[in-house]
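Letter by letter, the chains look like this.
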Amino acid sequence: MRLTQGTFSFLPDLSDHEIRAQVDYALGQHWACSVEFTDDPHPRNSYWEMWGQPMFDLRDAAGVLEEIKACRAAHPQCYVKLNAFDATRGFETMRLSFIVQRPAAETRFTLEREEGAGRVQRYAMRRA
Amino acid sequence: MGTMERPQAQRAAQERYRAGVLKYAEMGYWVPDYEPLETDVLALFRITPQEGVDPEEAAAAVAGESSTATWTVVWTDRLTACEAYRAKAYKVEPVPGAPGQYFAYIAYDLELFEPGSLANLSASIIGNVFGFKPVRALRLEDMRLPVAYVKTYDGPPTGIVVERERLDKFGRPLLGATVKPKLGLSGKNYGRVVYEALQGGLDFTKDDENINSQPFMHWRDRFLYCMEAVNRAQAASGEIKGHYLNVTAATMEDMYERAELAKELGSAIIMIDLVIGYTAIQSMSKWARRNDMILHLHRAGHSTYTRQKTHGISFRVISKWMRLAGVDHIHAGTVVGKLEGDPNSVQGFYNVLREPHNPVDLQRGLFFEQPWAGLRKVMPVASGGIHAGQMHQLLTYLGEDVVLQFGGGTIGHPMGIAAGATANRVALEATIKARNEGRDLWNEGPSILEAAARGCKPLQAALDTWKDVTFDYASTDTPDFVPTPSPV
Amino acid sequence: MAEAQTRDFPGTLDLDALYRDSNVAQALEALERDLVGLAPVKRRVREIAALLLVEKLRRTVGLEAAAPPLHMCFTGNPGTGKTTVALRMAEILHGLGYVRKGHLVAVTRDDLVGQYIGHTAPKTKDVLKRAMGGVLFIDEAYYLHRPENERDYGQEAIEILLQVMENQRDDLVVILAGYKDRMDRFFESNPGLSSRIAHHVDFPDYTPEELYAIAQRMLAAMQYQLSDAARAALAEYIERRRAQPHFANARSVRNALDRARLRQASRLFERRDAPLCARDLMTIEAEDLRASRVFAAHEEGTR
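Predicted, not measured: the structure shown is a model, and the values here were computed from it.

Draft legend 1. A look at the overall build of chain A. The helix and strand tally for chain A stands at 2 helices and 6 strands. When the helices and strands of chain A are read in sequence order from the N terminus, they spell out α-β-β-α-β-β-β-β. Residues counted as buried form 32% of the 128 residues belonging to chain A.

Draft legend 2. Representation of the overall build of chain C within the structure. A tally of helices and strands in chain C yields 15 helices and 7 strands. Its C-alpha atoms put chain C at 85 × 60 × 35 Å along the principal axes. A total of 303 residues make up chain C; the buried ones form 32% of that total.

Draft legend 3. Up close: the sheet that holds strand β5 (residues 174-176) of chain B. Residue and element names in this part refer to chain B. The strand order across the open sheet formed by 8 strands is β5-β15-β14-β11-β9-β8-β7-β6, and the pairing between neighbours is parallel. Edge positions in the sheet fall to β5 and β6 (204-206), since each of these pairs with one other strand and no more. Between one strand axis and the next, the sheet turns through 25° on average, direction left out of account. Here 3 bridges tie β5 to strand β15 (residues 403-405), and the two strands are oriented parallel to one another. Bridging from a neighbouring strand, G176 pairs with Q405 of β15.

Draft legend 4. Geometry of the interface of chain C and chain A. In this assembly, 11 residues from chain C lie in contact with 7 residues from chain A. Tallied by class, residues from the side of chain C that touches chain A come to 2 nonpolar, 4 polar and 5 charged.

Draft legend 5. Quick look at the interface of chain A and chain B. Facing 29 residues of chain A, the contacting portion of chain B comprises 32 residues. Those elements giving two or more residues to the side of chain A that touches chain B turn out to be α1 (16-28), β4 (93-101), β5 (109-115) and β6 (121-127) of chain A. When residues of the side of chain A that touches chain B are assigned to their parent elements, the largest contribution, 5 residues, is made by β4 of chain A.

Draft legend 6. View of the pairing of strand β9 (residues 294-298) of chain B. Residues and elements named next belong to chain B. Summarising burial for β9: 5 of the 5 residues are buried, a large majority. Residues I294, H296 and H298 of β9 are buried on one face, and the alternating residues L295 and L297, pointing to the opposite face, are buried as well. Pairing analysis gives 5 bridges linking strand β8 (residues 269-273) to β9, with the strands arranged parallel. Paired with D273 across the strands is H298, a residue of β9.

Draft legend 7. Seen up close, the packing of helix α18 (residues 441-454) of chain B against helix α19 (residues 457-466) of chain B. Residues and elements named next belong to chain B. Where α18 meets α19, the axes come as close as 7 Å, and the angle between the chain directions of the two elements is 135°. Comparing their axes, α19 and α18 come out oblique. Judged by the twist between their axes, the crossing of α18 over α19 is left-handed. Where α18 approaches α19, its residues L449, A452 and A453 are matched on the opposing element by L459, Q460 and L463. Here the residues of the contact of α18 with α19 are counted per class, giving 5 nonpolar, 1 polar and no charged.

Draft legend 8. Representation of the arrangement of the chains. With 2 pairs of chains in contact overall, the contact-richest pair is chains A and B. With respect to C-alpha atoms, chain B approaches chain C no nearer than 16 Å, and the pair has no contact.

Draft legend 9. Looking closely at the nonpolar core. V62, A89 and I106 of chain B are the most contacted members of the largest nonpolar core, which has 139 residues in total. Element by element, the count of residues in this core is highest for helix α17 (residues 417-436) of chain B, at 11 residues. Among all residues touching A89 of chain B, those that are not within four sequence positions of it are Y29, W30, A59, A60, V62, A63, A104, Y105 and I106 of chain B. In terms of nonpolar packing, the next biggest core, distinct from the first, is built from 79 residues, W31 and I99 of chain A together with L93 and M132 of chain C among them.

Draft legend 10. Seen up close, helix α13 (residues 315-325) of chain B. Residues and elements named next belong to chain B. Where burial is concerned, most of α13 is hidden: 11 out of the 11 residues are buried. Residues F315, R316, V317, I318, S319, K320, W321, M322, R323, L324 and A325 constitute the buried set of α13. Following α13 by one or two positions, G326 has its phi on the positive side, about 105°.

Draft legend 11. Representation of the sheet that holds strand β3 (residues 79-86) of chain A. Residues and elements named next belong to chain A. Pairing is antiparallel across the open sheet formed by 4 strands, whose spatial order is β2-β1-β3-β4. Single-partner strands in this sheet number two, and they are β2 (49-55) and β4. Pairwise comparison of adjacent strand axes, ignoring direction, gives a mean angle of 20° for this sheet. As judged from the 7 bridges shared by strand β1 (residues 32-38) and β3, these two strands associate in the antiparallel manner. When the bridges of β3 are listed, E36 appears paired with K81.

Draft legend 12. Spatial organisation of helix α7 (residues 159-167) of chain B. For α7 of chain B, every residue scored as buried is listed here: I160, E163 and R164 of chain B. End-on view of α7 of chain B: buried residues confined to an arc of 95°, all on one side of the axis. Buried-residue contacts for α7 of chain B involve β4 of chain A together with β9 and β14 (379-383) of chain B. D168 of chain B sits one or two positions beyond α7 of chain B and adopts a positive phi of about 60°.

Draft legend 13. The arrangement of unusual backbone geometry in detail. Residue K180 of chain B is joined to P181 of chain B through a cis peptide bond whose omega torsion reads 10°. Notably, H30 of chain A is not glycine yet its phi reads approximately 65°, a positive angle. Mapped onto the secondary structure, H30 of chain A falls in the loop between α1 and β1. For H30 of chain A, a count of 13 C-beta atoms within 10 Å puts it in the partly exposed group. In this model, Q223 of chain C sits at a positive phi of 65°, which is unusual for a non-glycine residue. Within the fold, Q223 of chain C resides in the loop between α10 (208-222) and β6 (225-226).

Draft legend 14. How the structure looks around the environment of R185 of chain C. All names here are of chain C. You can see R185 is positioned in helix α8 (residues 180-189). According to the C-beta neighbour criterion, R185 is partly exposed, with 13 such atoms within 10 Å. Sequence separation between R185 and I238 is 53 residues, and the spatial gap between their C-alpha atoms is 30 Å.

Draft legend 15. Inspection of the confidence of the model for chain C at higher detail. Per-residue confidence for chain C gives a mean pLDDT of 85; residues scoring 70 or more make up 92%. For this predicted complex, the interface confidence comes out at an ipTM of 0.94, alongside a pTM of 0.85.

Draft legend 16. Seen up close, the pairing of β6 of chain A. Looking at chain direction, β5 of chain A and β6 of chain A are connected through 7 bridges and run antiparallel. In the strand pairing of β6 of chain A, T110 of chain A is matched with R126 of chain A.

Draft legend 17. Structural context of the environment of E287 of chain C. Secondary-structure assignment places E287 of chain C in helix α14 (residues 286-290). A C-alpha to C-alpha distance of 27 Å links E287 of chain C and D205 of chain C, two positions 82 residues apart in sequence.

Draft legend 18. The arrangement of the environment of R316 of chain B in detail. All names here are of chain B. Relative to the assigned elements, R316 resides in helix α13. In the structure, R316 is positioned 125 residues away from L441 in sequence and 28 Å away in space, judged by C-alpha atoms. Contact partners of R316, with chain neighbours within four places excluded, come to D142, G348, F349, V352 and G365.

Draft legend 19. Up close: the packing of helix α2 (residues 24-34) of chain C against helix α4 (residues 82-95) of chain C. All names here are of chain C. Two elements in contact, α2 and α4, have axes whose closest approach is 8 Å; the angle formed by their N-to-C orientations is 170°. Our classification of the angle between α2 and α4 gives roughly antiparallel. The way α2 lies across α4 gives a crossing that is left-handed. Along its contact with α2, which presents V24, A27, A30, L31 and D34, the element α4 presents T84, V85, R88, E91, I92 and G95. Residue composition of the contact of α2 with α4, grouped by class: 6 nonpolar, 2 polar and 3 charged.

How each quantity is defined
- Each chain carries its own residue numbering, running from 1 in the direction its sequence is written.
- Labels are handed out in written order, letters beginning with A for the chains and numbers beginning with 1 for the ligands.
- Selection of residues for local features in this predicted model requires a pLDDT of at least 70, selection of side-chain atom pairs for listing and counting requires 80 or more, and totals for whole chains, interfaces and linings are taken over all residues.
- Helix and strand definitions follow DSSP, with helices as H or I runs of at least four residues and strands as E runs of at least two, each counted in order from the N terminus.
- Here the C-beta atoms are placed from the backbone, and a residue counts as buried if at least 20 other C-beta atoms lie within 10 Å of its own, exposed if 12 or fewer do, and partly exposed otherwise.
- Paired strands are those between which DSSP finds at least two bridges.
- In this analysis, axes come from line fits to C-alpha atoms, helices being fitted only over the stretch in contact, and the angle between any two N-to-C directions falls in the range 0 to 180 degrees.
- By definition, residue pairs are in contact when their C-beta atoms, positioned from the backbone, come within 7 Å.
- Put simply, Ala, Val, Leu, Ile, Met, Phe, Trp, Tyr, Cys and Pro go in the nonpolar bin, Asp, Glu, Lys and Arg in the charged bin, and everything else, Gly too, in the polar bin.
- In this scheme, roughly parallel covers angles under 35 degrees and roughly antiparallel covers those over 145, while 65 to 115 is roughly perpendicular and the rest are oblique.
- Working rule for handedness: look at the near helix, and if it is turned counterclockwise from the far one by less than a right angle, call the crossing left-handed; if clockwise, right-handed.
- In this usage, the nonpolar core is the set of buried Ala, Val, Leu, Ile, Met, Phe, Trp, Tyr and Cys residues whose C-beta atoms join them within 7 Å.
- Working definition: the arc comes from the directions between the helix axis and the C-beta atoms, pointing outward to the latter.
- Confidence of the predictor at the level of single residues is captured by pLDDT, which takes values from 0 to 100.

So this is what it looks like as structure tokens:
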């Protein structure tokens, strides 16, 4: 199963060259890039681990690529994603977020059901 | 003895309130030197007066009939500070290129309106004037709502930013599809369409506006099957998915009952139709806010009054009203699809919904500066006859904060519903990626889609099936101010 | 010996077109305009620009694929224009495509070195990330190395810097700056760093005539003028101040002019009952300059 979170999950994995182009776009919009990783990609997990602080005030993608490479090397079995944050008024939120590393064996989820009154199901997603 | 010494003002008042019929302009509804206050509610009407009716008199009549006047003078006016309550028509201009039509600007005192009540606002402005005989046709073209008034509303319960954070989806439009056929499927089969579409790659699926609770499918059945499908698709993809469960019903009590079940089943989003009425919409907005539910509004029925330029209410006014009333999604036009939508007008609607502040933009039909006092942004929904081959045009016209709905474009795919969903998702992601890389979407769009299709058979099939489909008809609702290219 | 392989290319190559297209001309003109004198420095900058231009042209015909070494060292006394020239150099490098963005990040030791264990590496890396795509200018770089203090973390910063200067030459150009003698000693104890510097540019002190011209420019920009006597006083002031310790060239001239303005203001204030015209407000008199300690010290010395 291919986890389809993030902006570009339905495309073939982005090469470093393509990642750099996206980072350049984000820096051009004055967004701050950050790298996060996790071994728990459940969609309700809002808090992946931060790899260093968000990088404010960068002009060039080289520094970000270095951090991505370092994170991949340190956590080869984790999902790694790149985020771009926009602090302007009216947004103050992520504007771009995509996966830059997947573990060799992707996480699968199963659906658990608990039957309630009137055929109402209480659902839970668990790691297979 | 007494008569000669009575002061001017009193004599004028006596004249004014003597029984009989006066022209509206003489009754004080036409005030050409009036400077609107920061706190005035302003309305712009497009008036087509009857033959022989003076445009200023027509404007004054509209002002009068939408505030305090009646067709004859009444002495009871004098029991009130009537100058304050009178609406003031302060400017009348001919509409460029449309002889016989006039723009009339009318100002209303803030005190005329109940705080936070759309029913009151609409009853006040449009409740009485539209059938008025001296006016052959009348359209409420635009409104300026002062910050003081805007602040009395709660606005959208979720808003674009929080919706994205809740779905954890950033950087691209959201994708949806209305379940087809519109009518007739039973709950279980309906859920199958939902599962296939979501699992194939869409973010949302949608009940259509007239799917409420009919003999072929009871609402409770639909909710249970749809949520099963949503959860299955979530587990299959690892992404958050949703289905807009339509809670429209005959009474508020029924609507609350349906909304409560949606909440109990863990749905992220519910849907209502415009035809439930402004009061019901505000009630549901309040409920959605209290229950952390995204609220989708289908603009069912709006075209009966928004489509013709001469008579009705412009959709931009409806958009403003809906942002006040508080919905999170609203259908607002696609430009390139099967339903009415000129590019400039549609961009005007999108700006009204999405921007924190609208400057005057005559080209897009925005006649007033409109502050939004921090009211959250409404996500526009583009739905109706669009397909993957138009992705680059959709992105260029509509931007990134929009829900693109491909009903026929998903379910009609030759390789099946899931393939249709995948085709749309791949087309979207590839187009966004190319845009970020700096490619020229308008001109290179087709080649970007071709390149993406080489790695994705469903997309290739979609492009082959629909590449020649366009809906090129002349728009009826176009802006009046379009810059003409200057001679070279 | 192997023949150099050149791709098939039209007969003549147009260096002038490359020069014009690359905005290098603008940067060099700006250099001429903004800085008085500095003839040897300007010559050196033109030489480096020519080298980079020719390198670029060579690459277009397939010669010498390796990136040319670009790191530099600017030596000289303070106030001799090192930071200004570094800015122009960044423009030239950007115009020729050697750096991607062309911004300048100017730092000193304190921006790179931490106060406790583990503090230095992230601090240095942060600075480097911000500078990537442009030029990193390290003023008084020799302070990075403090061998007397064994709890000094400067060495760590130097290691990281060396790594980046070697492995990421496409991402960053480094310019070190400072006093010549201290820089020489710094390089002696850090041969790794010294070997990575391709271009050394020395910034000589301004001549008295150049300093006088700089002073004139500054005064004109501030909309002041000198009386005839004041002109002579200024020339004398410059001669004397140069000979004294801690002379910071253009900066010292600036300071002197600021102090003269202060004295002029006091003088006018003392005599505020007397009639004033606009000219008086603009003019610096000899006494405003001669009140300086620079003159007093000299007189004391000759006693």
